[in-house]
Amino acid sequence: MRLGLSVLLLSLTRSCWCVPQQQTCHPGDEFLGRCSNSVAGDKPTCTELNLGYCNDMEYSSTIFPNILGHQSRLDAESGAEYLLLSVIHGLLNGECSPEIRLLGCSVLASPCKDGKMIKPCRSTCDALRKDCAHAFESIDMAWPYFLDCDRFFASDQEGCVDPLAGLKARQELEMSSYSHDEPSTIIQFIYTSNTQMYSLLKRTAAKCSQISHVYSIGRSTEGRDLLVIEFSKNPGQHELLEPEIKLVANMHGNEVLGRQLLVYMAQYLCSEYLLGNQRIQTLINTTRIHILASMNPDGYELAASEGHLLNGWTNGRTNAQNLDLNRNFPDLTSIFYRNRRSRHYRIDHIPIPDAYWFGKVAPETYAVMKWIRSLPFVQSASLHGGDMVISYPFDFSRHPQEERMLSPTPDEQVLKQLARIYADAHETMSNNDTERCGANFYRTRGIINGALWYSFAGGMSDFNYLHTNCLEITVELGCDKFPSEAELYPEWKRNKEALLSFMESVHRGIKGVVKDLDGNRIKGATISVRGIKKDVTTAEDGDYWRLLNPGTHILTATAKGYSRVSKRVYLPHNLNKAGRVDFLLEKVPIEPDIDDYLFPTVDTWERFDPYNQFERFREPYAREGGIERQEKPWWWNYFSQSGISPPNGCCEVSRRTGH
């Protein structure tokens, strides 16, 4: 498409990028009455609207000279503004179309009545510029100069025309045909390119700016953003006692269904919240949700170029370095197996061994590890394709010679329950149909321990469990890794309830705050559960979350330099929210601890990329959706290859950077 647009640009003109040389007065200044390029005796007159790209406007007559100073239809059609308007649909990958074209036509060919020009409304321009900012940012293109809302548009008080009025009326008519018995969300169930996905997520965040924003956690090998959209009642910051959950998809670039489901889920959460869906409002108001729709956009680019009919089982699976991202995380599971019998060994927050950094670490893996470490995630799901089953840690067998061996974590029962929640809420995953995809797992109703299925080291789920507080399951969505577009809507129906139920399930077990006797919150305090050799630690604000199944549990809280406090807690089966259990710890003299010498995990956990081997992968989080960009975007080739300069102010590169 880009090549075709470039050819179109070059074939139409080589000299139309400037205001006609005989004009000495800038068109905007002339329109404001400051000067004139008109020949004495010229008088603006109404004429029939016959401008090829604008003939579907709601009015039939226009006037020349127009707002930009074009003296005739021929001048307007040969101008740079008309040319840019004719290709902007392609430049923006269909975003904000036809609104941008209609707005541009209202400037190039404003309506005429009784020999007078009626200017387009400034309010319409301002609203569209705000709505479409994401689309222009995604291609590093500034808002077109000839759509300057302050310069070429009029206020409602001055009298103006809304060029989008007809389009809005038609859209409202179409919407009225849908049933209004209950809130509804309209989603277009098609595949999206990387650029379209970025634009869609940013547009969704802009639409729901009070509950959502987007940020980048880093870049892929080929420089594509790893873009996350967040939903919460206070986006951008952690709320005390509000659990954080993440959904990750497209880790393998050719497993694309999960990517699309998460894009749809982002749209659904935004729209349903605005429509007043009480369930969605409760979820977002009590949970901080992070969605990474594509962890491997480079692999997706390769898989999508082949399409669902030609894509093989592995093409696009790896990143651009040919690394399997789900084998690229530090192998902490082997470290756990070596030390698990030691009475003093803690299996939570196992540090990354220094030797790991001398291997080949993908930038995508690096970015996700930093992300996982930076936020107090409680639970997570990684969406894949190739079968239909939910697997849970450990993924690496406790016996290196056994490919299929049950290898439970200390949280086996909690993880099984997480897997069961998703599988049971899925339309078909847990049924006993032996002819369907995933029928191999019908005896366990659609769930399995990862290592019992097949063993591998360096997986993301094991890393989450052993390095952080987060419990992650792997969701295999279906046997077809790249289903046809016709299957996207049926798959959404099968998985929507499962995704929502999984997100809601984070409100189980217990939560609380650990403080000292002076009321100061304690960061890094340890919460242990008797019988489960896996502790969690408090976050920056001293709050914690511990997923637990119903029953009676003995909890103990402690921190270095503080006393140890234990409590007995009963969680009833009918409890539909996390129980609140706070701790008050008393300061005590610090005594030498053998654990500090044998297993100094607390100190070494902070060592991340200790030799700055991967400094180039460090990416600042973007603020308010602004993503750091390359110096020259791809559309620059339209002009540079032919030696043509864009018109002044037309297409400046956006210089905004992340913070």
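These numbers come from a predicted model, not from an experiment.

What counts and how
- Residues numbered from 1 in each chain as written.
- Predicted model: local features only at pLDDT ≥ 70, side-chain atom pairs only at ≥ 80, totals over all residues.
- Heavy atoms only, no water.
- Salt bridge = Lys/Arg side-chain N within 4 Å of Asp/Glu carboxyl O.
- Helix = DSSP H or I, 4+ residues; strand = E, 2+ residues; numbered from the N terminus.
- Buried < 20%, exposed > 50% of the residue type's maximum accessible area, 1.4 Å probe, protein only.
- Axes fitted to C-alpha atoms, helices over the stretch in contact; angles between N-to-C directions.
- Parallel < 35°, antiparallel > 145°, perpendicular 65-115°, else oblique.
- Contact = heavy atoms within 4.5 Å.
- Nonpolar A, V, L, I, M, F, W, Y, C, P; charged D, E, K, R; others polar.
- Pairing = 2+ DSSP bridges.
- Core = buried A, V, L, I, M, F, W, Y, C linked by side-chain atoms within 4.5 Å.
- Domains from an automatic or database assignment.
- UniProt positions renumbered as here; feature names shortened; annotations may be inferred.
- Polar contact = N/O pair within 3.5 Å; in protein donor to acceptor, adjacent residues only side chain to side chain.
- Disulfide = S-S within 2.5 Å.

**Considering the pattern of salt bridges**
Then step 1. As enumerated under the stated definition, the model contains 22 salt bridges in all.
Then step 2. Across the pair R224 and E301 runs a salt bridge whose closest N-O atoms are separated by 3.9 Å. Separated by 77 residues along the polypeptide, R224 in the loop between β5 (212-219) and β6 (225-231) and E301 in helix α13 (residues 297-310) bring together distant segments of the chain.
Then step 3. For R224, a relative accessible area of 21% corresponds to the partly exposed category.
Then step 4. Here E301 falls in the partly exposed class, since its relative accessible area comes to 36%.
Then step 5. Here the salt bridges share partners, and the residues they tie into one network are E222, R224, D298 and E301.

**Examining the packing of helix α14 (residues 332-339) against helix α18 (residues 460-467)**
Then step 1. Contact geometry of α14 with α18 gives a least axis separation of 9 Å together with a crossing angle of 50°. When the interaxial angle is binned, α14 and α18 end up oblique. Across the interface between the two elements, L332, T333 and F336 of α14 pack against D462, F463, L466 and H467 of α18.
Then step 2. When the residues that make up the contact of α14 with α18 are grouped by side-chain class, the tally is four nonpolar, two polar and one charged.

**Let's talk about the sheet that holds strand β17 (residues 551-558)**
Then step 1. Judged by pairing direction, the sheet is antiparallel, and its four strands sit side by side in the order β15-β14-β17-β18 without closing on themselves. This sheet does not close on itself; its edge strands, each paired only once, are β15 (532-537) and β18 (565-571). Each strand of the sheet is rotated relative to its neighbour by a mean of 25°, with strand direction disregarded.
Then step 2. Looking at chain direction, strand β14 (residues 526-529) and β15 are connected through three bridges and run antiparallel. Opposite T526, over in β15, you have T537 as the bridge partner.

**Observations concerning the nonpolar core**
Then step 1. Counting residues in each nonpolar core, the largest one holds 106 residues, and the members touching the most others are F231, L269, I291, W371 and Y422.
Then step 2. Among the elements that take part in this core, helix α11 (residues 257-274) stands out by supplying eleven residues, more than any other.
Then step 3. Each of domain 2 (192-506) and domain 3 (510-606) gives at least three residues to this core.
Then step 4. Among residues more than four places away in sequence, those in contact with Y422 are I390, M429, I473, V475, L477, N495, A498, L499 and F502.

**Structural notes on the sheet that holds strand β7 (residues 244-249)**
Then step 1. Taking strand neighbours across the sheet as the criterion, the eight strands line up as β5-β6-β8-β7-β9-β12-β10-β11 in an open arrangement whose pairing is mixed. What marks the edges here is a single partner per strand, and that holds for β5 and β11 (447-449). Averaged over neighbouring strand pairs, the angle between their axes works out to 20° when direction is ignored.
Then step 2. With six bridges connecting them, strand β9 (residues 377-384) and strand β12 (residues 471-478) associate as parallel partners.

**A short note on the UniProt feature "active site" (unreviewed entry) in the protein**
Then step 1. The positions that UniProt labels "active site" (unreviewed entry) are, in the present scheme, E476.
Then step 2. Tracing the sequence through the fold places E476 in strand β12.
Then step 3. Look at E476 and you get buried, because its relative accessible area is 7%.
Then step 4. Those residues in contact with E476 that sit more than four places away from it in its chain are H384, G385, G386, D387, M388, V389, M429 and W453.
Then step 5. One polar contact links the side chain of E476 to the main-chain amide nitrogen of G385, over a distance of 3.4 Å.

**Quick notes on unusual backbone geometry**
Then step 1. Here the bond from F64 into P65 is cis, since omega is 0°, no more than 30 degrees from zero.
Then step 2. Relative to the helices and strands, P65 is located in the loop between β2 (61-64) and α3 (73-77).
Then step 3. Of the consecutive residues P393 and F394, the connecting peptide bond is found in the cis state with omega at 0°.
Then step 4. Even without a glycine there, the phi angle at L241 is positive, about 70°.
Then step 5. Within the secondary structure layout, L241 lies in the loop between β6 and β7.

**Let's talk about the state of the cysteines**
Then step 1. Applying the stated criterion to the full structure yields six disulfides.
Then step 2. Here C125 connects covalently by a disulfide to C149, the sulfurs 2.0 Å from one another. Handedness here is read from the sign of the S-S torsion; for C125 and C149, about -70°, the answer is left-handed. Placement of the pair is C125 in helix α6 (residues 122-131) and C149 in helix α8 (residues 149-152), with a sequence separation of 24 residues.
Then step 3. Overall, C125 belongs to the buried group, its relative accessible area being 0%.
Then step 4. Note on cysteine connectivity: C437 is disulfide-linked to C479, with sulfurs 2.1 Å apart. With the S-S bond torsion at 100°, the cross-link from C437 to C479 turns out right-handed. Residue C437 is located in the loop between α16 (412-425) and β11, and its partner C479 is located in the loop between β12 and α19 (488-504); the two are separated by 42 residues in the primary sequence.

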